[in-house]
Every structure is written in C-alpha cells, then in structure tokens.
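# Survey of secondary and tertiary structure
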Amino acid sequence: MNSTAPSMEAGLSRNPRSWRMALIAALLALLVMLAVTLAWLVGYQVEAAQERRAFEAALREADARCFELATHRETDLCRATNALRGSPAK
C-alpha cells in the first residue's frame, strides 16, 4: 500500500495544470451556456413585446370603433366589453 501512495502523490504534484485546464474548460462551457440562454431570453422577451403591442393595437382599434356607434349608452357598453376582453386572465 505504501508503494502506490508516493506514485499517486507524484502524479498529482507532477501535473498541476491538468485540473486547472479542466476548470477553465468547465468555466468556458458555462459561459457559452449562459450566453446562449441570455440570447434565447432576449429573443423571447422581444417576441412577447411584439405580440403584446399587436394585441394592444387591436384593442385600441376596437375601442375606436365603439365611438362610431349612435348613442352614448352603446358606446359605453362597447367600451366595457372591450375592457373585459383586454383584461388579463387571473
């Protein structure tokens, strides 16, 4: 048992760069993974913002059509209906 112990210690102390290189490689892989995740997240946020803007534009257009109705009561009822459609689901 004593004959193998010095050879393992010598192996570890002989090449200390191997674990450093493994650590650097792991950190670089983590950095690449974080960059890809961030790119995906930014793309997702941009897409969600575009969808939200399109939805809000459609709501504004529907609200504008309400003002073309004949009576004030119809206009209020139409706008209330549009407000219910545009409210987020809970």
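Before reading on, note that the structure itself is shown above.
A brief look at the structure comes next. Since the structure is predicted, the reported quantities are computational estimates derived from the model, not experimental observations.

Definitions and cut-offs
- Residues numbered from 1 in each chain as written.
- Predicted model: local features only at pLDDT ≥ 70, side-chain atom pairs only at ≥ 80, totals over all residues.
- Heavy atoms only, no water.
- Patch = residues over 30% accessible without salt bridge, like charges linked within 9 Å, V, L, I, M, F, W, Y side chains within 5 Å.
- Areas by Shrake-Rupley, 256 points an atom, 1.4 Å probe, with all protein chains shown as cover.
- Salt bridge = Lys/Arg side-chain N within 4 Å of Asp/Glu carboxyl O.
- Helix = DSSP H or I, 4+ residues; strand = E, 2+ residues; numbered from the N terminus.
- Buried < 20%, exposed > 50% of the residue type's maximum accessible area, 1.4 Å probe, protein only.
- Contact = heavy atoms within 4.5 Å.
- Disulfide = S-S within 2.5 Å.

### What about a nonpolar patch on the surface?
A surface patch of nonpolar side chains, about 620 Å² in accessible area, is lined by W19, L23, L27, L30, M33 and L34. Take L34: it is sitting in helix 2 (residues 17-66). Relative accessible area serves as the criterion here: at 49%, L34 is assigned to the partly exposed category.

### With respect to the side chain of T75
With respect to the helices and strands, T75 occurs in helix 3 (residues 72-86). Here T75 is in contact with C66, F67 and L69, once residues within four sequence places are set aside.

### Let's talk about the state of the cysteines
This structure, assessed with the given rule, holds one disulfide. With its sulfur 1.9 Å from that of its partner, C66 forms a disulfide with C78. The sign of the -60° torsion about the S-S bond sets the C66-C78 disulfide as left-handed. Taken together, the residues C66 in helix 2 and C78 in helix 3 connect sequence positions twelve residues apart. Taking the relative accessible area as the measure of exposure, C66 reaches 0% and is therefore buried.

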